[in-house]
Amino acid sequence: MKRLVVILFLLSQLYAQNCSLQIKGRVVDEHDGTSLELASVVLVDQQLAVYTAADGSFELKNICPGSYHLAFSHLSCETKHMYLQLTSDTSIVFMLEHHDELLESVTVLRHKETLNKTAATSSLQGEVLAAKMGENLGTILRSISGVSAVETGAGVSKPMIHGLFGNRVEILQNGVALQSQQWGNEHAPEIDPFSLQKITVVKGAGALKYGTRAMGGAILLENDLMPKDPHVHGKLHMAGFSNGLKMALSASLEGGIQKNPYFSWRVQGSYSKSGDNKAATYFLNNTAREEQALNVQLAYIRNQFNTQVQYSFYRSKLGILRGSHIGNLSDLEEAFQREEPFYTEDKIQFKIDKPFQEVYHNTLKINHLQNLTKGALNLVYAFQANARSEYDIRRSSNQASLALNLLSQEFQSYYSNSKANFKYEIGTQFQSKVNYNSPDLNVKPLIPNYRKQVLALYTIQELKLEKLLFEFGARYEYQNMLVRFYEDQNLINNRHLFNNLALNAGFSTKLKKDFTYRLNLSYVQRAPEINELYSNGLHHGAAAIERGNPNFDKESLWSFNQSFSYLKSDLFFIEISPYFQYFHNYIQLKPQDLLELSIRGAFPVFNYEASKALLWGFDFAMQTQVAKNLYWNLKSAIVRAKDLDAKENISFMPADYLENSLSYDFAFHKKLKELKLNLVGTYTWQQVRAPVFDFTEAPPGNFLLGAQLATKFNFKHLGMQVQLEGQNLLNKSYRNYLNRYRYYADDMGVNLVLRTTLIF
Amino acid sequence: MKNTGFVNLSIKNLFAFALLIFILQGCNKDEPIIINDEELITTLRLEFTPSDSSQTRIIQFQDLDGDGGQAPIFSADTLNANTNYSLRLYVLNESESPADDITSEILEEGEDHQFFFLIDNALNLSVSYNDFDNNTNPIGLINYASTQGASSGQFSVVLRHQGDKFATGVSSGDITNAGGATDIEVSFDVVVQ
């Protein structure tokens, strides 16, 4: 009651004041600063709308003092909001960003501290990202050329960049590396994409700041910036999938505290549940799954500093295709011969039976940024706890067959400074982790318990001369790993020390107005990980005996990345990024010419081996305007990988593909102006460069058709986006070389998706 | 100003808390232990008892240290030609003492288990089931075996877990449609004299 009186009092105050204030401003393109004509500027609270003039300017007149929400939008730009407290005449320069993902490679990254301007980067954000919601991270990233996914069915998907994944790609959430079991093909990253506002992929070894494990690339995940608006706003995402009858929900709320304008908060939670997926003609038994996630953020932001605390929780439970669980080599061979996998049922099931995986991940992060008289200092602390349990069909127990626990902590501090044309950052990172097997499973663990500490120092420098931008980086890492296990009743303590060095130099230049060239040269040393050193035993899911080699030395990479891009406004865009990656001591799991006999029959033996290797290829993307409002996109990526010692192809490399899409924008149609239609056809060739040894031949080429229809509505304080998507519309039976289920079953059949987003 | 002081203090607290966790991490949860692998099957023994009660013949697979390590030991007595046998199977974990009898476990979960016998055409040996689970499908722990003329060849024993025991041909010993995971698969060189 008291509050109502206060509000009424304030309102009467407002009306008493003179309502002749003005908001003047200009709307410009964030990339090149060009003025945007016909951008709409809406004063949401008053339902007052104006369009910008040819020079991007606009003017809103006769406004009373008070607090307002402004919405800016432009053709092929995402709508952006701004909160404003109006006390006097105000002028604003507002930047809008074109979000077409093909144009992403020219995107200047939002955060000042991210300096990788000479490396090839691509990002997905805002509406483009929202249009993929409900999918997992690996699937979302596949839309970027040069990024593929190593899958174990639809539930488990690991991102792969230029043919490298797992131990060679680092995933970072708000600057902190995700610490989880990332070495196995069936270990998916513990990330809830609903919580993300932006995903950036740095391809190649240019991202020194993120550690030597990022030698193949880094995936940078970011939440939205903390709100400046004290009012409560929120987002609600809902997605329904016909395949698996999956539904996914996410809700987020954010705001400030009226009493203290420096505080802001955000709470986001999501839940998804899917039944068995369906291939074109049959159900994939026991592929049901569920996920839960929570993300809480608090921030205290004043001029001189910015302190944020974030806690996030993630849990998933994933069924593993029942027909892919096999006992030995003869079972495997038998499974290959079948049209439909064993245990195929004629109806969908939501129950998750054995075999399945259950994963928990917790992250607590504290971040403090202090603006100093010169430059800024950043301090970060993060604690992560990860527990992964994998349940197989066990003869005499209901316990998991593998249960790994990882506790990790890290401190980061870095200082950045920028003068007129020179920027630099210098930083140090300390990381400590403990990884152990749950002791009471009564199964020989595949990897032993270990502790690891990493101390790193790095610097990144950037020099801007007229049309040239130079970048230089150096990193030193000291790693100490202590591995402990029993071998024939004897306790073994092995210590591994590694000193890793990474160097990086590059430049980018605008040769002509529309033509950009980038070059990045890197040298990176990576210490072998626990699975490469110590795997020993039967990898149940893979029906193979895997053995590491504790004598491995560091892996080193020389990489050479280039990128040519030509951008002529919205009319034409083309980018080609060729790369070469030469490895010394490239560590890979290789089949041995022997079978090991046990009472369960014969098992193939795979040893980790180190050899010289060359990976090269290119990413290609093109967009052109064919007719008014009709755009044609082409995307492709090619990877070639040779083991130079054995003189043969390296396994598990993505097959060549060509993606063709046509999109039509109804922007100039009176009633349907927010409607967009997109048709995508992708042809994937057979992977003819697979190594000689594989259990089965690589699957034949296939053509898949997809479509998206999207629109949005704006009500007074409510924005709504609706999207209908069709995947594998022709319901083709096909198999994907990078999906491990290809040995047993077809990939997913037709899938219709309806997504709705409400923003208020 | 007051606010700033409060926040700075809370940051200090948080970092102190962080440091505390760092120290606590030194706990001993990651101490390795000697694993007693309860999934382990070391021994498959086949006892052929002739109908005339003469000497029992034994065919055996034994791998006391499990997967890897020492190679398994195969042993096979010669079977007599033109003889009817009662064939019983024993499955053991002899890495423990006393040995763990897995045979009774298989019998208890009879609906989920079935042995299959794969015999070379050259080997004059035939085996048929003589036991049943609760669904009157065979398990294969107790069988009839009979030999004809002198011959030799491979005799394989397969134990399938959670297969489809109702599928076509499975109850008569045809493994083709059985599915399931293989718990045991061992081949013996057998001589009939």
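Conventions we followed
Residues numbered from 1 in each chain as written. Chains lettered and ligands numbered in written order. Predicted model: local features only at pLDDT ≥ 70, side-chain atom pairs only at ≥ 80, totals over all residues. Heavy atoms only, no water. Helix = DSSP H or I, 4+ residues; strand = E, 2+ residues; numbered from the N terminus. Buried < 20%, exposed > 50% of the residue type's maximum accessible area, 1.4 Å probe, protein only. Contact = heavy atoms within 4.5 Å. Areas by Shrake-Rupley, 256 points an atom, 1.4 Å probe, with all protein chains shown as cover. Rg over C-alpha atoms; globule rule 2.2 N^0.38 Å. Lys, Arg positive; Asp, Glu negative; His and termini not counted. Charge placed at Lys NZ, Arg CZ, Asp CG, Glu CD. Domains from an automatic or database assignment. Buried area = accessible area lost by both parts, 1.4 Å probe. Salt bridge = Lys/Arg side-chain N within 4 Å of Asp/Glu carboxyl O. Pairing = 2+ DSSP bridges. 1 Å grid on protein atoms, 1.4 Å probe; cavity = no way out; pocket = protein on both sides within 12 Å on 5 of 7 lines; lining within 4 Å. Points joined across faces, edges and corners; volume = space filled by probe spheres on them. Nonpolar A, V, L, I, M, F, W, Y, C, P; charged D, E, K, R; others polar. Polar contact = N/O pair within 3.5 Å; in protein donor to acceptor, adjacent residues only side chain to side chain. Core = buried A, V, L, I, M, F, W, Y, C linked by side-chain atoms within 4.5 Å.

### Looking at the overall build of chain B
On a plain count of helices and strands, chain B comes out with two helices and 10 strands. The buried share of chain B, reckoned over its 193 residues, is 44%. Nonlocal contacts in chain B, meaning residues at least 24 apart in sequence, comprise 64% of its contacts between residues at least 6 apart. Here chain B displays about 9700 Å² of accessible surface, and carbon together with sulfur accounts for 51% of that area.

### Topic: the overall build of chain A
Looking only at helices and strands, chain A has five helices and 40 strands in total. Against the compact-globule benchmark of 27 Å for 760 residues, chain A has a radius of gyration of 27 Å, which places it among compact chains. Seen through its C-alpha atoms, chain A measures out along the principal axes to roughly 90 × 60 × 60 Å. For chain A, the proportion of contacts with a sequence separation of at least 24, taken over those separated by at least 6, is 65%. Summed over its atoms, the accessible surface of chain A is roughly 31700 Å², and 58% of this surface lies on carbon and sulfur atoms. Within chain A, the 72 negative side-chain charges are centred at a point lying 5 Å from the centre of the 77 positive side-chain charges.

### What to know about the domain arrangement of chain A
Residues and elements named next belong to chain A. Entries for chain A in the domain assignment read domain 1 (11–96), domain 2 (101–218) and domain 3 (219–225 + 235–759). Between domain 2 and domain 3, the C-alpha centre-to-centre distance is 6 Å. Contacts between domain 2 and domain 3 engage 88 residues on the former and 117 residues on the latter. For the pairing of domain 2 and domain 3, the buried interface totals around 8800 Å² over both sides, and the portion due to carbon and sulfur atoms is 54%. Where domain 2 touches domain 3, the interface holds six salt bridges.

### Focus on the sheet that holds strand 15 (residues 217–222) of chain A
Residues and elements named next belong to chain A. Pairing is mixed in the open sheet, where five strands are placed in the order 8-14-15-12-13. Where the open sheet ends on each side, the last strands, each with one partner, are strand 8 (120–125) and strand 13 (176–177). In terms of strand pairing, strand 12 (residues 169–173) meets strand 13 through two bridges, oriented antiparallel. Bridged to Gln173 within strand 13 is Val176.

### Section: helix 4 (residues 329–337) of chain A
Leu329, Asp331, Leu332, Glu334, Ala335 and Phe336 of chain A are the residues of helix 4 of chain A that are buried. If you follow the buried residues of helix 4 of chain A, they end up packed against strand 32 (572–598) and strand 33 (601–627) of chain A together with strand 9 (151–161) and strand 10 (181–192) of chain B.

### Notes on the pattern of salt bridges
All names here are of chain A. A complete count under the given rule lists 33 salt bridges over all chains for this structure. A salt bridge links Arg315 to Glu290; its shortest N-O distance comes to 3.0 Å. Highlighted residues: Arg315 in strand 20 (residues 305–319) and Glu290 in strand 19 (residues 289–301), separated in sequence by 25 residues. With relative accessibility at 16%, the residue Glu290 sits in the buried group. A salt bridge links Glu575 to Arg518, with the shortest nitrogen-to-oxygen separation between them at 3.1 Å. On the criterion of sequence distance, the pair formed by Glu575 in strand 32 and Arg518 in strand 28 (residues 515–526) is long-range, its members being 57 residues apart. With respect to class, Glu575 is no different from Arg518; both count as buried. Each of Arg168, Arg526, Glu532 and Glu555 takes part in salt bridges that share partners, so that together they form one network.

### Digging into empty space enclosed by the protein
Residue and element names in this part refer to chain A. Counted under the stated rule, the structure contains 12 cavities of 30 Å³ or more. Approximately 390 Å³ is the volume attributed to the largest cavity. Residue lining of the largest cavity: 33 residues in total, with Glu170, Ala177, Gln179, Arg213 and Gln431 positioned closest to the centre. Going through the elements one at a time, strand 12, strand 23 (402–418), strand 24 (422–437), strand 25 (449–465) and strand 26 (468–487) are the ones with two or more residues in the lining of the largest cavity. At five residues, strand 24 tops the list of elements feeding residues into the lining of the largest cavity. For the lining of the largest cavity, the residue count by class is 11 nonpolar, 13 polar and nine charged. Residues from two domains meet in the lining of the largest cavity; each of domain 2 (101–218) and domain 3 (219–225 + 235–759) gives at least three.

### What to know about the pairing of strand 6 (residues 113–119) of chain B
Residue and element names in this part refer to chain B. Judged by how many residues are buried, strand 6 sits mostly within the fold: five of seven residues are covered. Where strand 6 lies against strand 9, seven bridges are found, and the strand directions are antiparallel. Within strand 9, the position partnered with Phe115 by the bridge is Leu159.

### Observations concerning the sheet that holds strand 10 (residues 156–161) of chain A
Residue and element names in this part refer to chain A. With antiparallel pairing, the three strands of this open sheet are ordered in space as 9-10-11. Of all strands in the sheet, those bounded by a partner on one side alone are strand 9 (147–152) and strand 11 (164–165). By the bridge criterion, six bridges tie strand 9 to strand 10 in an arrangement that is antiparallel. Within the sheet, the bridge partner assigned to Glu151 lies in strand 10 and is Ser157.

### Considerations on the environment of Arg160 of chain B
Structurally, Arg160 of chain B can be placed in strand 9. Residue Arg160 of chain B is classed as buried on the basis of its relative accessible area of 5%. When residues no more than four places from it in sequence are discounted, the contact partners of Arg160 of chain B are Asp331 and Glu334 of chain A together with Asp112, His113, Gln114, Phe116, Ile175, Ala178, Gly179, Gly180, Ala181 and Thr182 of chain B. At 2.8 Å, the side chain of Arg160 of chain B forms a polar contact with the side chain of Glu334 of chain A.

### Some details on the interface of chain A and chain B
How big an interface is tends to be expressed through the accessible area that disappears when the partners come together. At the junction of the two partners, chain A supplies 54 residues and chain B supplies 56 residues. Roughly 4900 Å² is buried in total at the junction of chain A and chain B, and carbon and sulfur atoms are behind 55% of that figure. A per-residue breakdown of the area chain A buries against chain B is headed by Arg395, Asn442 and Ile599 of chain A, which together make up 19% of the total. Across the pair Arg451 of chain A and Asp30 of chain B runs a salt bridge whose closest N-O atoms are separated by 2.7 Å. Counting across the interface, chain A meets chain B through eight residue pairs in polar contact (both at pLDDT 80 or more). Here the side of chain A that touches chain B takes five residues from strand 24 of chain A, the largest share from any one element. Per-class residue counts for the side of chain A that touches chain B are 24 nonpolar, 17 polar and 13 charged.

### A few points about the nonpolar core
If you look at the biggest cluster of nonpolar residues, it comprises 36 residues, and the most contacted ones within it are Leu44, Leu46 and Phe115 of chain B. Listing elements by their share of this core, those giving two or more residues are strand 1 (43–50), strand 2 (57–62), strand 4 (84–93), strand 6, strand 7 (125–129), strand 9 and strand 10 of chain B. The greatest single-element share of this core, amounting to five residues, is contributed by strand 10 of chain B. Ile161, Leu196, Val201 and Val753 of chain A belong to the second largest nonpolar core, which has 24 residues in total.

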